[in-house]
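Structural characterization, general
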There are 2 protein chains.
Amino acid sequence: MGFEQAWLSYRMIREDSEWRGIGRIYADEDDFIIGNAVRELQKAWSEMTGAALMLCPDSQKTHQAGSIIFRQDEGCGPEGYHVFEEDGNVVIAASTDCGWLYGAFELIHQMQMENPLSGMDIRKEPVMPLRMLNHWDNMDGSIERGYSGNSFFFENDEILIDERTVTYARLLASVGINGAVINNVNVKDAATWLITDRYFDKLRRLSEIFAGYGIKLFLSLNYAAPVELGQLDSADPLSEEVREWWKRRMQLVFGQIPNLGGFLIKADSEGRPGPFTYGRTHADGANMLAEAVEPYGGLIIWRCFVYNCKQDWRDYVTDRARSGYDNFIELDGAFRDNVILQIKNGPMDFQVREPVHPLFGGLKASNQILEVQIAQEYTGQQRHVCYLIPMFKEVLAFRTYAAKTDDTVMDIVSGKTFNQTKCGMAAVANTGNDENWTGHDLAAANLYGFGRLAFNPSATAEELATEWIVRTFGKDQEVREVLLFILMNSWKAYEMYNAPLGIGWMVNPAYHYGPSVDGYEYDRWGTYHRADHAGIGVDRSHHGTGYAGLYEEPNASMYDSPESCPDELLLFFHHMPYVHKLHSGKTVIQHVYDTHFEGVELVDEMVKRFEGLEGKLPDKAFGRMLERFQHQKEHAREWRDQINTYFYRKSGIADEKGRKIF
Amino acid sequence: MGFEQAWLSYRMIREDSEWRGIGRIYADEDDFIIGNAVRELQKAWSEMTGAALMLCPDSQKTHQAGSIIFRQDEGCGPEGYHVFEEDGNVVIAASTDCGWLYGAFELIHQMQMENPLSGMDIRKEPVMPLRMLNHWDNMDGSIERGYSGNSFFFENDEILIDERTVTYARLLASVGINGAVINNVNVKDAATWLITDRYFDKLRRLSEIFAGYGIKLFLSLNYAAPVELGQLDSADPLSEEVREWWKRRMQLVFGQIPNLGGFLIKADSEGRPGPFTYGRTHADGANMLAEAVEPYGGLIIWRCFVYNCKQDWRDYVTDRARSGYDNFIELDGAFRDNVILQIKNGPMDFQVREPVHPLFGGLKASNQILEVQIAQEYTGQQRHVCYLIPMFKEVLAFRTYAAKTDDTVMDIVSGKTFNQTKCGMAAVANTGNDENWTGHDLAAANLYGFGRLAFNPSATAEELATEWIVRTFGKDQEVREVLLFILMNSWKAYEMYNAPLGIGWMVNPAYHYGPSVDGYEYDRWGTYHRADHAGIGVDRSHHGTGYAGLYEEPNASMYDSPESCPDELLLFFHHMPYVHKLHSGKTVIQHVYDTHFEGVELVDEMVKRFEGLEGKLPDKAFGRMLERFQHQKEHAREWRDQINTYFYRKSGIADEKGRKIF
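Residues numbered from 1 in each chain as written. Chains lettered and ligands numbered in written order. Predicted model: local features only at pLDDT ≥ 70, side-chain atom pairs only at ≥ 80, totals over all residues. Heavy atoms only, no water.

Take the domain arrangement of chain A next. In terms of domain boundaries, chain A breaks down into domain 1 (17–124), domain 2 (130–472) and domain 3 (496–538 + 575–651). With centres defined by C-alpha atoms, the gap from domain 1 of chain A to domain 3 of chain A works out at 47 Å. (Domains from an automatic or database assignment.)

Quick look at the structure:
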């Protein structure tokens with residue numbers, strides 16, 4: 001399938017723009033990454049000005065105005081840059097190839113925004129060292145939780161490399177993403193064989209393309225590979241034979257794919273194999289692999305998403321929310337330096353609202369990556385619009401109280417709190433081989449925003465949305481205002497008509513789309529709402545599972561008491577009567593009714609405004625979005641009516657405003 | 001996969017049995033069916049006595065005792081027989097080959113039961129003209145709602161014919177089944193091509209094998225075949241072109257497969273094409289096909305399972321239960337004589353408890369087949385034991401009041417009420433390529449019982465179960481008593497721990513296994529329980545959807561009032577408070593609790609008794625059953641706890657007996 005250029009789809013800038021005064025670029029193309037930077041600038045110039053950007057040998061640089069010049073600046077960090085105007089020229093200063101590439105994209109960004117060239121002086125360093133995408137792509141071409149078509153990495157157990165691969169790398173680099181795990185964390189079948197010579201040639205080519213854009217290739221690893229590749233009987237991390245196997249294997253792998261960044265591992269989770277099989281800890285498992293990849297500078301990224309997925313719904317004691325913490329907290333400090341623990345933003349699984357994972361702040365001596373999901377598994381599956389950057393901002397701003405200052409999640413995963421460098425943020429990717437990459441055109445704002453946010457977490461969600469809108473659809477004011485209104489209200493709206501007050505999980509099992517209040521209530525996944533005729537919620541206070549106490553104070557006390565617990569998480573932490581008064585002054589049940597009616601009204605307003613953009617957006621994109629908005633309008637009603645009806649029937653309490661409930 | 005002989009697995013009879021005195025059979029093998037009868041008897045004799053039954057030419061018959069003799073008896077109807085002892089010989093008298101074959105199986109039956117030979121005098125005619133199996137087998141080898149492995153008719157879009165095919169025909173003939181539709185009523189993909197020369201050769205061979213056992217081969221037909229086979233733009237039943245297409249096609253089909261019995265059609269139902277597409281009636285559609293097959297004596301069996309499967313759950317007016325009636329009642333009398341309407345036993349879809357379909361008694365001038373389902377789609381999927389003959393007996397005994405006398409469902413589908421000959425009973429088959437045919441060994445009792453019941457509906461469920469037990473597992477008294485206890489209690493137990501009081505549908509959507517009280521509540525299938533904090537049930541009285549009024553009086557009035565409505569169907573017809581007192585003296589809610597606790601206790605008792613049979617049943621069969629019983633025990637608890645918890649949470653009313661509810 002063809003593909004579009006997303007936010008790198010350039011349009012002509014004003015005839016009188018000072019950017020048109022730039023006509024030359026001085027560089028030596030011999031360096032691979034610089035070469036890509038030059039080509040990016042030439043493409044951008046050609047498409048935004050209609051004129052060519054002439055490439056001249058670096059040695060012929062003059063002081064004549066109108067040129068782009070690359071300059072060495074050891075004051076810039078490894079991925080930082082300093083882009084500025086100097087005597088009518090543009091200087092891209094950096095200390096590394098990657099810095100120059102990022103500087104080039106910064107320039108393109110400024111030009112797309114039509115910001116002034118004169119006086120431009122932008123100095124940036126990425127705040128998080130690791131800014132990664134996790135693709136859950138299977139080698140048969142399907143994507144687990146993919147809502148944008150099939151994989152563009154895999155098909156029929158083969159690796160695909162084509163023009164789209166390069167454009168993918170360009171898009172990532174343009175927003176500062178520097179790592180990509182291309183295969184699903186659930187490593188099965190052919191994917192287990194990615195670390196064998198069956199795939200080395202293609203992986204090496206892929207890693208080289210990525211390297212040209214400052215991206216490290218990572219793979220998801222099958223913990224049981226020594227067994228499943230048929231060579232050993234065991235994957236015991238303390239077995240000398242197993243350790244040797246991994247060392248030899250990694251020597252082979254890194255010998256064949258020198259640019260490889262390392263591996264992501266989901267172990268002992270949802271049926272995946274892991275060290276528990278052998279009575280060993282996650283530290284044993286991770287360290288064994290870390291030791292094997294260490295000589296090559298490889299990283300082992302170990303997921304903390306470990307819980308009992310065969311819980312009995314009748315069991316009120318076991319609490320899935322606790323499991324990540326309980327499984328890992330004792331291991332803090334036991335991991336080798338090249339192990340990173342990857343922790344989901346919340347303790348459950350990417351619900352529309354969760355508290356921050358208590359491992360953030362709990363762990364004090366382990367490298368950490370914050371995992372978020374821009375694949376909208378539980379947030380509308382790229383049929384509903386749901387701009388997630390505001391949620392990520394809240395997570396990053398959360399004070400963990402793990403230290404006296406600099407204790408937010410952002411501080412931790414930026415390395416500031418514990419003075420670390422192997423940390424950052426990863427997003428489960430929302431891409432596929434759809435023409436527009438992300439199914440819903442507006443979902444691309446999450447891909448864009450994620451990269452930009454990891455690079456610079458102090459950017460606001462509005463700023464990032466605005467940038468994305470302008471770069472994707474141009475500077476039309478109405479387009480900007482309407483799409484910004486939609487994006488900035490979308491998470492709020494989705495939360496309003498979804499499961500209320502932080503309780504989560506009221507979705508259809510397995511495929512996770514559409515309402516089903518009891519869908520997970522009597523199932524084995526540890527995801528319950530415990531609603532009865534009088535009330536709803538899970539008691540995670542010290543009277544209940546004690547989960548609230550996993551946080552540092554004062555968070556623990558805040559969550560532990562219904563009086564101080566924030567409304568939006570009340571039912572996550574407490575089982576409350578329907579007639580309980582929230583801080584908002586409304587009862588729980590009236591809050592349910594009001595948010596569900598108002599959420600639909602908000603969607604209606606979004607859709608109404610969107611429809612006014614007809615003719616102002618590319619027809620194809622407008623058509624795709626319109627279809628999705630029409631569905632969202634209808635489907636938001638389905639959410640509203642099912643949730644309201646469920647609680648009305650269960651509680652017998654009527655809506656104060658007498659609106660229609662079935 | 002290998003296969004067993006089910007109830008045709010013979011064991012030695014007593015050493016002193018008088019049956020051992022029979023040593024010869026007089027027959028001319030030239031007739032195909034007689035040949036099969038002879039071979040059946042020889043096999044049975046060899047395996048039950050260890051001695052051969054010597055075949056002698058019919059012309060050499062003497063009056064010496066110890067022989068089996070075939071005799072012409074025009075007093076027997078087309079499928080009837082008279083089997084009796086005469087001077088130490090056995091006479092099988094009949095007027096047709098099929099009668100002789102059935103007589104031979106009767107003899108084998110008597111011998112398996114070790115009933116006395118002296119004085120034997122059995123004269124039987126089948127009561128229902130058509131006794132059919134409907135297989136929902138797909139041509140890729142899967143079976144829709146199949147719980148016993150894959151299809152033994154199809155694999156990879158090819159037709160399978162092997163030793164199992166013959167054994168299948170033998171099993172059917174042995175219980176009097178005389179028709180089989182081998183492919184799924186949802187006709188798609190390759191199955192549409194069954195009426196093309198791609199499959200004629202194999203179908204002809206299959207139909208010949210069937211014919212040798214008195215079975216007519218039927219096929220399910222794709223109503224849109226003229227379009228989907230790519231030859232016409234329309235399937236409009238009033239289009240001359242379409243009618244001609246079908247006539248030519250049927251000439252071709254019956255020319256190639258002369259033994260074909262006709263076709264089963266699911267039209268305008270659950271997404272299948274039909275005459276509605278062209279603004280025509282079901283009579284238009286059925287009659288067009290009937291006209292085309294009429295020259296060849298073919299039958300068109302037209303399913304009445306037509307309803308709106310895209311209902312809005314918010315719609316309290318539309319009633320799926322009404323739909324079959326509403327769609328067909330006006331057409332009564334409009335169908336050609338070789339059309340038969342096939343009507344499910346209840347108005348919904350094979351739930352564990354439903355009222356009898358109101359078309360029975362409603363239709364007075366249409367041929368009718370009663371469709372039941374021995375595939376245990378909603379009754380435990382052959383993992384729970386559920387002997388369904390008691391349910392079918394109730395359905396057959398239901399007085400419709402369509403006539404002053406002889407007005408039961410049995411009378412109607414036997415042809416007695418309206419003096420018809422194209423009528424009978426069909427069962428959705430529970431077979432697959434599992435070694436034991438039916439997954440659960442005890443599920444074979446449903447296959448056996450169905451055939452025997454259609455042949456002779458006045459047999460009791462206990463009699464049929466006992467026959468099946470003895471024929472399958474021998475005469476051991478404990479085996480007989482225990483298995484009879486299990487079979488006779490199994491439907492009752494399943495109903496007890498299932499959805500209460502006739503409401504149905506509290507299952508997991510799509511795969512229909514295991515409890516999910518709200519699984520269908522907010523869905524599009526017209527299957528709702530409407531439970532709220534105060535009560536539960538669907539008002540189908542004259543205050544509600546008016547469905548009760550579709551029955552003839554006095555049934556209509558009986559169902560219309562909660563006072564006279566039988567307890568077991570109360571929630572099917574009425575929305576009742578949980579505190580309503582049933583005729584049993586219990587409240588609705590206490591009934592729910594009691595039946596669910598007691599249902600599990602009954603299962604425990606069944607399993608306990610079963611476990612005592614170890615060593616008395618073949619190891620393999622015992623092992624298979626034990627595994628299923630262990631699962632049923634656990635799964636019955638899941639049903640109990642989910643249903644009880646749901647209603648306790650919703651109603652807030654505690655169990656009077658204080659048992660554990662979660």
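For the rest of this paragraph, the subject is the relation of the copies chain B and chain A. When chain B is fitted onto chain A, the two copies agree to an RMSD of 0.1 Å after a turn of 180° and an axial shift of 0.1 Å. Expressed as a symmetry operation, the mapping of one chain copy onto the other fits a two-fold axis. Considering only C-alpha atoms, the residue of chain B closest to the rotation axis is B:Lys650, which sits at 2.7 Å. (Least-squares fit on C-alpha atoms with pLDDT ≥ 70 in both.)

Counting from both sides, the interface comprises 22 residues of chain B and, opposite them, 22 residues of chain A. In total, chain B and chain A occlude about 2000 Å² of area from one another, counting both sides; carbon and sulfur atoms represent 51% of this. It is B:Arg314, B:Tyr522 and B:Arg649 that lose the most area in chain B upon contact with chain A, and together they represent 38% of the buried surface on that side. At the boundary of chain B and chain A, one finds six salt bridges. Of the charged contacts, one joins B:Asp641 and A:Arg314 as a salt bridge, the two residues approaching to 2.4 Å between their closest N and O atoms. Our enumeration of links across chain B and chain A arrives at 14 residue pairs in polar contact (both at pLDDT 80 or more). Looking at the side of chain B that touches chain A residue by residue, the classes come out as seven nonpolar, five polar and 10 charged. (Contact = heavy atoms within 4.5 Å. Buried area = accessible area lost by both parts, 1.4 Å probe. Salt bridge = Lys/Arg side-chain N within 4 Å of Asp/Glu carboxyl O. Polar contact = N/O pair within 3.5 Å; in protein donor to acceptor, adjacent residues only side chain to side chain. Nonpolar A, V, L, I, M, F, W, Y, C, P; charged D, E, K, R; others polar.)

Note that the residue after A:Glu553, namely A:Pro554, is joined by a cis bond; omega there is 5°. Considering the arrangement of structural elements, one finds A:Pro554 in the loop between β17 (535–536) and α15 (555–560). Of note in this structure, B:Tyr401 is not a glycine but carries a positive phi near 60°. Here B:Tyr401 shows up in the loop between α10 (389–397) and α11 (409–414). (Helix = DSSP H or I, 4+ residues; strand = E, 2+ residues; numbered from the N terminus.)

Before going further, it helps to examine a negative patch on the surface. Residue and element names in this part refer to chain A. There is a patch of like negative charges on the surface, built from Asp140, Asp157, Glu158, Asp189 and Glu228. In this structure, Glu158 sits in strand β9 (residues 158–159). Owing to a relative accessible area of 42%, Glu158 belongs among the partly exposed residues under this scheme. (Patch = residues over 30% accessible without salt bridge, like charges linked within 9 Å, V, L, I, M, F, W, Y side chains within 5 Å. Areas by Shrake-Rupley, 256 points an atom, 1.4 Å probe, with all protein chains shown as cover. Lys, Arg positive; Asp, Glu negative; His and termini not counted. Charge placed at Lys NZ, Arg CZ, Asp CG, Glu CD. Buried < 20%, exposed > 50% of the residue type's maximum accessible area, 1.4 Å probe, protein only.)

What follows concerns the confidence of the model for chain A. Put simply, chain A has an average pLDDT of 97, and 100% of its residues get 70 or more. Reported confidences for the modelled complex are a pTM of 0.93 and an ipTM of 0.90. (pLDDT = per-residue confidence, 0-100.)

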